Amino acid sequence: AQKVTQAQTEISVVEKEDVTLDCVYETRDTTYYLFWYKQPPSGELVFLIRRNSFDEQNEISGRYSWNFQKSTSSFNFTITASQVVDSAVYFCALSEVMNRDDKIIFGKGTRLHILP
Amino acid sequence: DVKVTQSSRYLVKRTGEKVFLECVQDMDHENMFWYRQDPGLGLRLIYFSYDVKMKEKGDIPEGYSVSREKKERFSLILESASTNQTSMYLCASSPLGTDTQYFGPGTRLTVL
């Protein structure tokens, strides 16, 4: 069965520190997609990244970077030099291609507090 | 840019009322989804739809129904609202065959 675990329920760091949000997934599929979404206090989930299972290259976008490791079934998200505006709930998610129903399974989220 | 809108940001209803939550997307997406979000439980899928007049149950459909008469609009209906349906409701859409979902701003529903 597919499952996404975000073990960190809540994290607080001081502004400018680096922070890593962990995500571990379970799937029987060989072809799948992994996602990260950000939910700021306004409530709307904002899509950050989608990674397919055949692409294990790490990705960097500004202060954000993602580390995908199939060997450990992890897709971790790092924010470098954090800012107060990064305070949000972050969701990791998984979609199995063979399911053919375009559904996404979300983790329970990690609430990130960036303290000024 | 993908735009998903929801009819209300905040809604207060009384127990037993019939409640309609509306969601509209402007990107001609085939798929639309309704989730509820509760503290500690994450996002849970209520219903989804692949096409007009088509609907599929998600993980927690009890107490809800949906309607999709037009491609761009997906409505969530609470036939008789109960206090345990107090929650944040999120609508999303995605193109068929691609998994990336785009979300609306959410409706925070309180049932008294």
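Residues numbered from 1 in each chain as written. Chains lettered and ligands numbered in written order. Predicted model: local features only at pLDDT ≥ 70, side-chain atom pairs only at ≥ 80, totals over all residues. Heavy atoms only, no water.

## Side note on unusual backbone geometry
Residues and elements named next belong to chain A.
1) Next: Despite not being glycine, serine 73 shows a phi value in the positive range, around 50 degrees.
2) Next: Within the secondary structure, serine 73 sits in the loop between strand 8 (64–69) and strand 9 (74–79).
3) Next: Take serine 73: its relative accessible area is 24%, and that puts it in the partly exposed class. (Helix = DSSP H or I, 4+ residues; strand = E, 2+ residues; numbered from the N terminus. Buried < 20%, exposed > 50% of the residue type's maximum accessible area, 1.4 Å probe, protein only.)

## Section: the interface of chain A and chain B
1) Next: Taken together, the contact pairs 19 residues of chain A with 25 residues of chain B.
2) Next: When the two sides are added together, the surface that chain A and chain B hide from each other amounts to roughly 1,700 Å², 52% of it contributed by carbon and sulfur.
3) Next: In this assembly, chain A and chain B are joined by zero salt bridges.
4) Next: In this structure, the connection of chain A to chain B is made through three residue pairs in polar contact (both at pLDDT 80 or more).
5) Next: Those elements that place two or more of their residues in the side of chain A that touches chain B are strand 5 (32–39), strand 6 (46–52) and strand 10 (88–96) of chain A. (Contact = heavy atoms within 4.5 Å. Buried area = accessible area lost by both parts, 1.4 Å probe. Salt bridge = Lys/Arg side-chain N within 4 Å of Asp/Glu carboxyl O. Polar contact = N/O pair within 3.5 Å; in protein donor to acceptor, adjacent residues only side chain to side chain.)

## Quick word on the confidence of the model for chain A
1) Next: Counting all residues, the mean pLDDT for chain A is 92, and 97% of those residues have values of 70 or more.
2) Next: Across chain A, the element-wise mean pLDDT spans from 87 in strand 7 (residues 59–61) of chain A up to 98 in strand 3 (residues 19–21) of chain A. (pLDDT = per-residue confidence, 0-100.)

## Re the state of the cysteines
All names here are of chain B.
1) Next: Applying the stated criterion to the full structure yields two disulfides over all chains.
2) Next: Through a disulfide, cysteine 23 is tied to cysteine 91; the S-S separation comes to 1.8 Å. Between cysteine 23 and cysteine 91 the sulfur-sulfur dihedral comes to about -80 degrees; the bridge is accordingly left-handed. Placement of cysteine 23 in strand 3 (residues 19–25) and of cysteine 91 in strand 9 (residues 87–94) is noted, with a sequence separation of 68 residues between them.
3) Next: Its relative accessible area of 0% is what places cysteine 23 among the buried residues.
4) Next: Look at cysteine 91 and you get buried, because its relative accessible area is 0%. (Disulfide = S-S within 2.5 Å.)

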